[in-house]
Amino acid sequence: MDRRRRLAIVAGVVVAVAVLVVAVVLVWPDGDRDDRPLAGSGRPDSAPTTAADAVEPSPGAAGIGDPYYPAAGNGGYDVTHYDLALTWDAEARHMTGEAAVTATATQALSSFVLDLAGMEVSAVSVDGEEAAFAREGDRDLRITPAGPLAAGGTFTTVVRYAGPPTTVPGDEFFDPGWFGDDGEVYALFEPDGAATLFPSNDHPSDKASYEFRVTAPDDLEVVANGRLTGTIPGDGVRTWVYDAPDPMASYLVQVAIADMEFAEATGPGGLPIRHAFDTDVAGEFDQVMGRTAQMIESFAEWFGPYPLVSYGALVVDESLGLALETQTLSIFDSTAAGSEEIVAHELAHQWFGNAVSPATWADIWLNEGFATYAQWLWSSRDEPAALDGTVRRAAASGSLDLPPYDPGPEHLFAESVYTRGALTLHVLRRTIGDDAFFAVLRTWGERFGGAVATTADLEALAEELSGAELTPLFDAWLRAEALPAYDDWVP
Ligand code: ARG
Ligand code: ZN
């Protein structure tokens, strides 16, 4: 749904609810006012009918309304927690899963969809009762519970499924999904590949907490987002339990199973740091990864306290030519792990992209522009004057005639989204001054941490904290086709 229409509907609902609340207050027997039950929870028959009662349960939409990925995510509910029990058969390269997805219905639902690509589904239940299910298109599992689900109610869906590693169609770099090489597994889901591993509302606007219980042969190690809370030995296998309490977008899920070595450290404020290295490459990255605590300290000064429960790098023995900021555990291939700039970039995403996530994929520059700028800040930390040189070189680097905001789905990770996005931030900084600029970066996390934000939110915040009228700046740097002349903006 388009944002304006959604706002109009929300406004309509607010007015309707206000009218009903007044009506209820007027007709309610006097003495009962204080312990009046909430709408929908055991209202007496005599109470007036609410708007929700009047709406017949209807099927939840098979898409959350993203402008670039219309099939990603779904309508009608909001997930609060995923409990994923996964069992990896390394020899058969086959995963068996049981996913318990707890959600709140945002409408009365006769059926709803979870994103799931590939995988064979064997059973589905909703609140313990067997539910009907059917596959729709390439990535949808439509579930019809035994009875309709009330708007505002919480429900838990359990899906049993199994299958080999798969991907969904992506760009020239890779198809998002999970990969099993020999007996090993790792995940690269951005933007819409989480559906290949577990049934989900696969869109960053629906963040949730996670728990992972992953069983693998006991000669392999398992890492996932969050903190290891325990391991349970079994017969030739071991179950690893990870708790990821910070709200997380589905594309940031990491589950990796491999022959790995761990390196532990402590960051600012006792933050647990744990890196996981594929044993084939262990020892090669001690120097760069050894700087993690120091990087976190610098970033915390600039951006506000580290926003998540833990951090670490996961280095796989692959040459994919990329890294991904999977939450609390960024994944690097063996080339990316050697680059201090990339290591800083993925760490910065924990603030920008992970704690605060893009409301839609058109807002991707809020991830990549910020992480790129953070990487420049880190590189010039001992010589701040060098930053201007970096910025000028970047501004002259070409292929930046593409707006960082709403670049189009085929340009989601284009150079301009990164570099011109970062240039936008530098121009903003030079325009409003260091104090206001760093206040924007810190307030961003305070205000939107754990949730999502839009480009409009950033613009409004920058204007609020600087008192400046910044529409011309953001129009030129974020939305115009042609790259503005840097010297026209920063004399
Ligand atoms: N978000 C990743 C980063 O840290 C990049 C992912 C690239 N993905 C792609 N499909 N090209 O910059
Ligand atoms: Zn990035």
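The shown structure was predicted, so the numbers you read here are calculated from the model rather than taken from an experiment.

Draft legend 1. Main features of the layout of surface pockets. Empty space within the second largest pocket amounts to approximately 580 Å³. In terms of lining, the second largest pocket is formed by 25 residues, of which the most central are Leu322, Ala323, His345, Glu346 and Tyr418. Of all the elements in the fold, those that place two or more residues in the lining of the second largest pocket are strand 20 (323–324), helix 5 (340–348), helix 6 (365–379), helix 7 (386–395) and helix 8 (415–432). The leading source of residues in the lining of the second largest pocket is helix 6, at 4 residues. When the residues that make up the lining of the second largest pocket are grouped by side-chain class, the tally is 11 nonpolar, 8 polar and 6 charged.

Draft legend 2. Seen up close, the coordination of the zinc ion (ligand 2). Only His345 (NE2), His349 (NE2) and Glu368 (OE) from the protein reach the zinc ion (ligand 2) as donors, at distances of 1.9 to 2.0 Å. Among the residues examined, His345 registers a relative accessible area of 6% and is labelled buried.

Draft legend 3. Local environment of the environment of Glu136. Note that Glu136 resides in strand 7 (residues 132–136). Classification of Glu136 as partly exposed rests on a relative accessible area of 31%. Between the C-alpha atoms of Glu136 and Leu116, which are 20 residues apart in sequence, the distance is 9.7 Å. Of the polar contacts made by the side chain of Glu136, one reaches the side chain of Arg142; its length is 3.0 Å.

Draft legend 4. Looking closely at the sheet that holds strand 17 (residues 260–266). With mixed pairing, the 5 strands of this open sheet are ordered in space as 17-18-19-21-20. Bordering the open sheet on either side are strand 17 and strand 20, each of which pairs with just one other strand. Packing of helix 5 onto the sheet brings it into contact with strand 20 and strand 21 (330–332), and relative to strand 21 it is tilted by some 155°.

Draft legend 5. Structural view of the nonpolar core. Grouped together as the largest cluster of nonpolar side chains are 142 residues, with contacts concentrated most on Phe198, Phe212 and Phe299. Beyond its immediate sequence surroundings of up to four residues, Phe299 is in contact with Gly304, Ala344, Leu347, Ala348, Trp351, Ala374 and Trp378.

Draft legend 6. Here's a closer look at the packing of helix 6 against helix 7. At a minimum axis separation of 9 Å, helix 6 and helix 7 run at an interaxial angle of 140°. On the basis of their axis angle, the class for helix 6 and helix 7 is oblique. Handedness of the helix 6/helix 7 crossing: right-handed. Touching Tyr373, Trp376 and Leu377 of helix 6 are Leu387, Thr390, Val391 and Ala394, all from helix 7. Residues of the contact of helix 6 with helix 7, tallied by class, amount to 6 nonpolar, 1 polar and no charged.

Draft legend 7. Examining the sheet that holds strand 4 (residues 109–115) more closely. Pairing is mixed across the open sheet formed by 4 strands, whose spatial order is 1-4-8-7. Of all strands in the sheet, those bounded by a partner on one side alone are strand 1 (58–59) and strand 7. By the bridge criterion, 4 bridges tie strand 4 to strand 8 (residues 140–144) in an arrangement that is antiparallel. Looking across to strand 8, one finds that Leu114 is bridged to Leu141.

Conventions and cut-offs
Residues numbered from 1 in each chain as written. Chains lettered and ligands numbered in written order. Predicted model: local features only at pLDDT ≥ 70, side-chain atom pairs only at ≥ 80, totals over all residues. Heavy atoms only, no water. 1 Å grid on protein atoms, 1.4 Å probe; cavity = no way out; pocket = protein on both sides within 12 Å on 5 of 7 lines; lining within 4 Å. Points joined across faces, edges and corners; volume = space filled by probe spheres on them. Helix = DSSP H or I, 4+ residues; strand = E, 2+ residues; numbered from the N terminus. Nonpolar A, V, L, I, M, F, W, Y, C, P; charged D, E, K, R; others polar. Donors = N, O, S within 2.8 Å, 3.2 Å for Na, K, Ca; no water. Buried < 20%, exposed > 50% of the residue type's maximum accessible area, 1.4 Å probe, protein only. Polar contact = N/O pair within 3.5 Å; in protein donor to acceptor, adjacent residues only side chain to side chain. Pairing = 2+ DSSP bridges. Contact = heavy atoms within 4.5 Å. Axes fitted to C-alpha atoms, helices over the stretch in contact; angles between N-to-C directions. Core = buried A, V, L, I, M, F, W, Y, C linked by side-chain atoms within 4.5 Å. Parallel < 35°, antiparallel > 145°, perpendicular 65-115°, else oblique. Left-handed = near helix turned anticlockwise from the far one by under 90°.

Distances and angles like these do not, on their own, reveal function.
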